[in-house]
Each structure stands twice: as C-alpha cells, then as structure tokens.
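# Observations on the three-dimensional arrangement
Here's the letter readout for the chains.
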Amino acid sequence: MGDFGAIVTFLVLVYIRPQEWVSGFESLRPVRLAMIWALLAMVARVRPRAIEWRDLLRTPHDYVMWLFFLWVAFATPPMWGTFNANRALLVFYLATVNILKDYRRIETFLWWW
C-alpha cells in the first residue's frame, strides 16, 4: 500500500474530511501526514523504480506547470510568501503525477475520486 495508498488516503482526507468530525484528530494534521507518506514512498525504493530528477520534467504538462508556478512566484511582490502559499499545490501535483504512472492506477484513482 505504498505510494498509491498514500495518494488515495490524501484524496479521502481532503474530500471527506474525517478530521473535522472527530475532535482532536485535526491536531494530528492527517492531510499533511498523508502527503509526507506519499513523498517518502515516492522517494524510497518502495516503488518498482525510484523517482529520479528527470521524472519531474517528463511531459509538456510538467514544463507548463513549473513555468506557471515560477511565474506566479515571481510576478507577485512578496515572492517568498507567494511561494510558500502555493508550495502545497506544487507538491500535490508532483506527487500525483509521479504516482499515477499507468492506466490501472489512473482508473482506480478516478474511481476513488
């Protein structure tokens, strides 16, 4: 249940929000823990092939997303504040794109969504 389980758990936590139903569960920051789990599973050798730097810029969509992220960060006056505000979105994009590598995973992810 490595990286794919983490991204599905993240999806469930974001949309169903059980941390808002149970008092005290939100203090554990389960959404952040699920994303850390996904990133660690992505980087570790849990997958058949570990992530490499070239995986971050594999498709034209990746280039567009990186350029858009950089443009948003540099086009606003408080650059580091904007970078920090949008960092979670970039991490979610990178994790999701790198974890959903085959059609079976994409189909199962969309079913969960």
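Since the model is a prediction, treat every value here as computed from it, not as a measurement. (Residues numbered from 1 in each chain as written. Predicted model: local features only at pLDDT ≥ 70, side-chain atom pairs only at ≥ 80, totals over all residues. Heavy atoms only, no water.)

Turning our eyes to something else, we now look at the nonpolar core. Within the largest apolar cluster, 15 residues are counted, with the highest numbers of intra-cluster contacts made by Phe4, Ile7, Met35, Ala38, Ala95, Ile99 and Phe109. Only helix H1 (3-15), helix H2 (30-43) and helix H4 (79-99) provide two or more residues apiece to this core. When residues in this core are grouped by element, the largest group, seven residues, is from H1. If near-sequence neighbours (up to four positions away) are discounted, Ile7 is found in contact with Met35, Phe92, Ala95, Thr96, Ile99 and Phe109. (Core = buried A, V, L, I, M, F, W, Y, C linked by side-chain atoms within 4.5 Å. Buried < 20%, exposed > 50% of the residue type's maximum accessible area, 1.4 Å probe, protein only. Helix = DSSP H or I, 4+ residues; strand = E, 2+ residues; numbered from the N terminus. Contact = heavy atoms within 4.5 Å.)

A few words on the confidence of the model for the protein. In this model, the protein carries a mean pLDDT of 82, and residues with pLDDT of at least 70 account for 90%. Mean pLDDT values over the elements of the protein span from 82, in H4, up to 91, in helix H5 (residues 103-112). (pLDDT = per-residue confidence, 0-100.)

Bringing the pattern of salt bridges into the picture now. Throughout the structure, instances matching the rule amount to three salt bridges. A salt bridge links Arg105 to Asp3; the nearest nitrogen and oxygen atoms lie 3.1 Å apart. In this pair, Arg105 is assigned in helix H5 and Asp3 in helix H1, connecting sequence segments 102 residues apart. For Arg104, the salt bridge identified is with Asp102, shortest N-O distance 3.6 Å. (Salt bridge = Lys/Arg side-chain N within 4 Å of Asp/Glu carboxyl O.)

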